[in-house]
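Listed below are the residues making up each chain.
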Amino acid sequence: MSKYMSLVLVFIFLQLCISPVSLAANYNFTVKSGMDIGSLTLDLEREEESFSEIVGVSLTRIGEFIYSSNDEEVGLGGEYLPQRKTIKKDAEPFGFYSIYALAGIRENIYFLRGKIGYNFFIPPQSQVVDPGISTTGGIYYGSSIGCNINDFEIEILYGVNNATITEENYNKTDQLRYSRFGFNMGYRF
Amino acid sequence: MKRFLIIILIIITAGLIMSGCSPEFFGALPGNNESYSSSSDINYSEGEMIVVLENNQPMQEISVDKKKEVMNEELSTQRQYLKSHGFKIDNILSNSQSIESKVELSTKIKEKILEDIGYINLVDYTDKDYKNFNEAKNEVKSLLENKGYKVKYIIRNYKIKKVDSTYSGVSKQDNLKKMHSDQEWNYEMIRAPEAWEGVRGNEDVKIAIVDTGIDVDHPYLENFVDVDSGVNILALRDVEDQDREKLDDNNVDDKDGHGTHVAGTISSYDKVSGIMKEASLIPIKVFPDPGQENVEGDFYDLLNAVIYATETGVDVINMSVGGELPKNNLEVDKFIADFDANLNIAREEGVIIITAAGNNGESIEGSDYIFYPASSPYTIAVGAVEENKQKADFSNDGVGLDVMAPGVEILSTAPIDLDHTNYEDLRHPEDEYLMYMSGTSMAAPHVAGVAGLMRSANPNMTVEDIEYMLKDAAKDMGNEEEYGEGIVDAYKSIRNRVKTPYF
C-alpha cells in the first residue's frame, strides 16, 4: 500500500513539474515547525466500539517544495509527527510521518492549501514487540490557511492521519484516526 | 489552683490508661508482639519461628565473582552459630538446601532478596526446653545480637490453608444438569470461547500451581504437567524434621484433589477443557497428602515456593492458598512487607501472581478483609461469583480485591486416587476423573488461565500491562469492595492489547 502511494505521489509530482503552473512559476523550499493539539479515535471492528481521547500539545515538523505563480501553487511535502500521547495516565507515545501533494490558491500574501498523501504510522512500543499485532499507515489529508511575510510563513493547519491496527490472532483490523489543529511557522528558502 | 492540678492529673492518668489499652501500644512493646491476634483461628507451627536478619553488607560493594562466595559464607556462619546453640535452622537462600538440587538460585535473585529483605531463617526450637514462644524468641534474639547481627523481626511461622469452600448447596442431581452444559456457563461468563477463536495458549507458557500437587497421571492433564520442573517444597526444609525428611522433593503427585482441580481449570483436555487449551503446568506442592497431618504448609514454605517459581522462570503463579495473619502486630507487619518484597522480586522477573481472596465471607460478618497474600498489592486477588453473577456468600471481600471469576460448583479434574474423603461426594457421577468444587480457589485459576492466554498472545507483555488490561476489561459489577473491578473477560483482556496503549 505504501509503495503504491509513493508511486502515485511521484507521478503527481512529475505532472506538477511540467504543468503550465510550474512553467511560469518560481519555486521554494519551506521548513516549518509548530505545535498541534488533537484527538485520537479507535474504531474496533468486531466489537463495533469506539474510543476517543484528547492528544496533548505536540511538536510538528514540516518540509515543503512549492511551485507558485501569483495566484496558484502546487507542491510536495513531508511531515513528521513524533511522540504523540493521549492524556490517559501511562499512555504510550505513537507518531506519524507523511508524504503528500499539495495544491492551493494565493491572494496577495495569503494562501489556502489542500494536502493529500500517505502517512506511515509509528506504533507504541508495546505494539512493536507484540507478535500478534501489525500496524500500517493510511491516508493523510489536511488543509491550511496562512500567509507569507517576506521569507517567513505562518500556517494554521487541520490534518487527519489514519492507521490500521491488525490483530493477527483474530484477523481483525481496527482503525485509528488522529485529527488535529496545528499552528506552524517557518522560513522559505 | 489545687483543683485545677487535680483535674489535669486525672486527664493525664485517663489518657495513659486509654493509650495503654490500645492494641498499637501493646504491639509496640518488645516481647508482647504476639499478644494481639484478630482471630483465634490463626494457626502456627509449634516450635518454629521465622527470624529475619538485616543484611549489613551492601552487595554492590562486592565484586560479581565474589558475591556468591560471600553470601554462602555468611549463610553458613549464621547456620553454624545457631546450631552450636542447639537450634535447627533453615535458610531460604542456603546453598545446602535441597532447593538447589532442583534449580540453582541465581546470584541475581539471592542478591535481590538480601537487599530487599535480608537473611530469612527458619529456626526450630522444638528440642529446646522453653516455656513459651516469647522465651525462645528472646533467647534467639539476644544470641544473635550478641554476635553482632541486626534482627529485623522474629515471628511465629503461621500456617497457610487451601482456599476451598465447604459449600455444599447442590446435590449430585443438580450437578448432573451442569454436566450437560459441561463448563459452558463459567467459561461463557468470562468469554473464554470467544478468546479461543484467536488465542488458545501454548506449551511455552509456564504456570506454577502452588497447591497440593497435581495428579501427574491424570488422563485429562498428564501431557501438560511438567513433572521435572515441579517440586515438593515441604521436603526441602533443611532441618532435622523426621516427618519432612520422609517426603520426596520430586513427588508432586496430588492425593488431596485441590491442586488437580485448580490445574484442570487452568489447562486440561479431552472431556473437559481448561481456560488454556495448552500450557505447561508446574506443580509446586506446599500441602501434604491426607494422612500426613504432622506436616503442614506454612508461610515459610509459601515464601520458598514463590522464590522457586521465580527462579524456574514461570509466567504465572496461581496461589489458591493463603491465610490470616495477626493484625496490629508490628513484627508481623514487617514480615508482610518482606513477603511483599519477595512478591515484587517475582513481579520484576515478569511473573504474574494470581491469588484467591479467601472463603470466610460468611463466617466473619461485617469484617471486610481478604487473605494474605491476596491482599498484597503485588498479586491479583480473585473473588468468586455464582452462575447468576452474584458474589458467592463465602467469597471474602474488602480493600485489595481485584477481580471476580466463577467459583461455585466448578467442574474440573479430580485425581482418581483421591485420599480426601471430604471430596468423594463431589465427584462427577459419570466420570470419576472429574469433580465439582466451590471456592475462591476455583475462581483464581480462571484468572490465571486468562493471564496465561494473554502471555501466549504476546510473550513480551509486562506484568503491569497484563494487570491493567485484565482489570480494564473486567465487567463492572458495581460495588468495588465486593466485586473489585468486576468479572474477568478473557476475550476483551486479550483484545485490550489494541486499545490500552492509547485509551
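Residues numbered from 1 in each chain as written. Chains lettered and ligands numbered in written order. Predicted model: local features only at pLDDT ≥ 70, side-chain atom pairs only at ≥ 80, totals over all residues. Heavy atoms only, no water.

(A) The side chain of S58(A), seen in detail. Residue and element names in this part refer to chain A. Structurally, S58 is set in strand 2 (residues 49-68). Looking at S58, the relative accessible area reads 6%, which means it is buried. Within the local environment of S58, its side chain forms a polar contact with the backbone oxygen of G56, the two atoms lying 2.8 Å apart. Residues in contact with S58, not counting those within four places in the same chain, are G34, M35, D36, R84 and Y178. (Helix = DSSP H or I, 4+ residues; strand = E, 2+ residues; numbered from the N terminus. Buried < 20%, exposed > 50% of the residue type's maximum accessible area, 1.4 Å probe, protein only. Polar contact = N/O pair within 3.5 Å; in protein donor to acceptor, adjacent residues only side chain to side chain. Contact = heavy atoms within 4.5 Å.)

(B) Here's a closer look at helix 11 (residues 258-266) of chain B. For helix 11 of chain B, the tally of buried residues reaches nine of nine residues, placing the bulk of the element in the interior. Every buried residue of helix 11 of chain B is listed here: H258(B), G259(B), T260(B), H261(B), V262(B), A263(B), G264(B), T265(B) and I266(B).

(C) Main features of the sheet that holds strand 4 (residues 151-158) of chain B. All names here are of chain B. Read from one edge of the open sheet, four strands run 2-3-1-4, paired in antiparallel fashion. Pairing within the sheet leaves two strands with one partner each, and these edge strands are strand 2 (88-91) and strand 4. Ignoring strand direction, the axes of neighbouring strands in this sheet form an average angle of 25°. Judged from the six bridges that link them, strand 1 (residues 44-53) and strand 3 (residues 119-124) form a sheet pairing that is antiparallel. Residue pairing in the sheet places V52 in a bridge with I120 of strand 3. Contacts between helix 12 (residues 299-312) and the sheet are confined to strand 1, strand 2, strand 3 and strand 4, with strand 3 contributing the most and set at about 145° to the helix. (Pairing = 2+ DSSP bridges. Axes fitted to C-alpha atoms, helices over the stretch in contact; angles between N-to-C directions.)

(D) Highlighting the packing of aromatic side chains. The full count for this structure, using the stated rule, is 30 aromatic pairs over all chains. Ring geometry for F94(A) and Y178(A): centres 5.9 Å apart, planes at 90°, overall edge-to-face. Of this pair, F94(A) sits in strand 4 (residues 94-107) while Y178(A) sits in strand 9 (residues 172-188), placing them 84 residues apart in sequence. Classification of F94(A) as buried rests on a relative accessible area of 2%. The rings of F51(A), F94(A), F96(A), F121(A), Y178(A), Y502(B) and F503(B) are connected pair by pair, giving a single aromatic cluster. Here K128(B) stacks its cationic end above the ring of F87(B), 4.8 Å away from the centre of that ring. If you follow K277(B) out to its NZ or CZ, it ends over the ring of W196(B), 3.8 Å from the centre. (Phe/Tyr/Trp six-rings, centres within 6.5 Å; stacked < 30°, edge-to-face > 60°. Lys NZ or Arg CZ within 6 Å of the ring centre and 35° of its normal.)

(E) Structural view of the pattern of salt bridges. Per the counting criterion, the structure on display carries 36 salt bridges over all chains. Put simply, E73(A) and R106(A) hold a salt bridge, and the shortest N to O gap is 2.9 Å. Residue E73(A) is located in strand 3 (residues 72-84), and its partner R106(A) is located in strand 4; the two are separated by 33 residues in the primary sequence. According to the relative accessible area criterion, E73(A) is buried, its value standing at 2%. You can call R106(A) buried: its relative accessible area is 12%. In this structure, K471(B) and D402(B) form a salt bridge, with 3.1 Å as the shortest nitrogen-oxygen distance. Here K471(B) is found in helix 16 (residues 463-473), whereas its partner D402(B) is found in the loop between strand 12 (380-385) and strand 13 (403-406), with 69 residues between them in sequence. Of the residues examined, K471(B) reaches a relative accessible area of 22% and is grouped as partly exposed. It is possible to trace a salt-bridge network through shared partners that takes in K32(A), E64(A), E73(A), R106(A), R113(A), K115(A), E153(A) and E155(A). (Salt bridge = Lys/Arg side-chain N within 4 Å of Asp/Glu carboxyl O.)

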